Amino acid sequence: RFMGRTGTSWAFILLFYLVFYGFLTAMFTLTMWVMLQTVSDHTPKYQDRLATPGLMIRPKTENLDVIVNVSDTESWDQHVQKLNKFLEPYNDSIQA
């Protein structure tokens, strides 16, 4: 007898935990296998260049670079016009 249990009692406890943790390991492995079957090898798993919904802090252009020349108003006038057109409905005089 060890700690109030017989050898057979300890064997049953050991067998129970071996089966229990074996089942948990098998269930985790099966879940990971099923999840990995849904992931495509041909598409990126992480994308950080998603389209921004709603109002942006920069003008929406074809690429993310906005190049302007401060002395040449033609280079940034189109961005100002787009921004003014977008914000026109929020003008206080029009809303009143």
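Going along each chain's sequence as written, the residues are numbered from 1 onward. Note on the predicted model: pLDDT of at least 70 is required for a residue's local features to be given, and 80 or more for side-chain atom pairs to be given and counted; whole-chain, interface and lining totals, by contrast, use all residues. Values reported for side chains reflect all heavy atoms of the structure, with hydrogen atoms and water molecules removed beforehand.

### Brief notes about the overall build of the protein
Point 1. Put simply, DSSP H or I for four residues or longer makes a helix, DSSP E for two residues or longer makes a strand, and each gets a number counted from the N terminus. Within the protein, the regular secondary structure consists of 3 helices and 0 strands.
Point 2. Scanning the protein from its N terminus toward the C terminus, one meets helices and strands in the order α-α-α.
Point 3. For the protein, the residues scored as buried account for 2% of the 96 residues in total.
Point 4. Shrake-Rupley sampling with a 1.4 Å probe provides the accessible areas, and residues are treated as covered by the protein chains on show and by no other component. Counting every atom, the protein has about 9400 Å² of accessible surface; 64% of that belongs to carbon and sulfur. Only protein chains enter the accessibility calculation, which uses a 1.4 Å probe. A residue is then buried if its area is under 20% of the maximum for its type, exposed if over 50%, and partly exposed in between.

### A closer look at the packing of aromatic side chains
Point 1. Here is the rule: rings of Phe, Tyr and Trp (six-membered ring for Trp) pair when centre to centre is within 6.5 Å. Planes less than 30 degrees apart are stacked, more than 60 are edge-to-face, and the remainder are tilted. The tally for this structure, following the rule as stated, stands at 5 aromatic pairs.
Point 2. Measuring from ring centre to ring centre gives 5.1 Å for F16 and Y17, while their planes differ by 80°; the resulting arrangement is edge-to-face.
Point 3. Here Y17 falls in the partly exposed class, since its relative accessible area comes to 43%.
Point 4. When the centroid spacing of 5.3 Å and the interplanar angle of 65° are considered together, the rings of F20 and Y21 count as edge-to-face.
Point 5. When its relative accessible area of 48% is taken as the criterion, Y21 is described as partly exposed.
Point 6. Put simply, the rings of F16, Y17, F20 and Y21 touch in pairs and so form one group of aromatic residues.
Point 7. Only when the NZ of Lys or the CZ of Arg is both within 6 Å of the ring centre and within 35 degrees of the ring normal is a charge said to sit over the ring. The positively charged end of R5 is found above the aromatic ring belonging to W10, 5.8 Å away from the centroid.

### Overview of the confidence of the model for the protein
Point 1. Per-residue confidence from the predictor is reported as pLDDT, which spans 0 to 100. Chain-level statistics for the protein give a pLDDT mean of 82 and a share of 80% at 70 or above.
Point 2. Of all secondary-structure elements in the protein, the lowest mean pLDDT belongs to helix α3 (residues 92–95), at 77, while helix α1 (residues 7–37) reaches the highest, 95.

### Concerning the UniProt feature "transmembrane region" (unreviewed entry) in the protein
Point 1. UniProt positions are given in the numbering used here, feature names are shortened, and annotations may be inferred rather than shown by experiment. Here, the residues flagged by UniProt with the feature "transmembrane region" (unreviewed entry) are residues 12–36.
Point 2. Measuring from the first to the last C-alpha atom of residues 12–36 gives 36 Å, for a span that is 100% helix and 0% strand.

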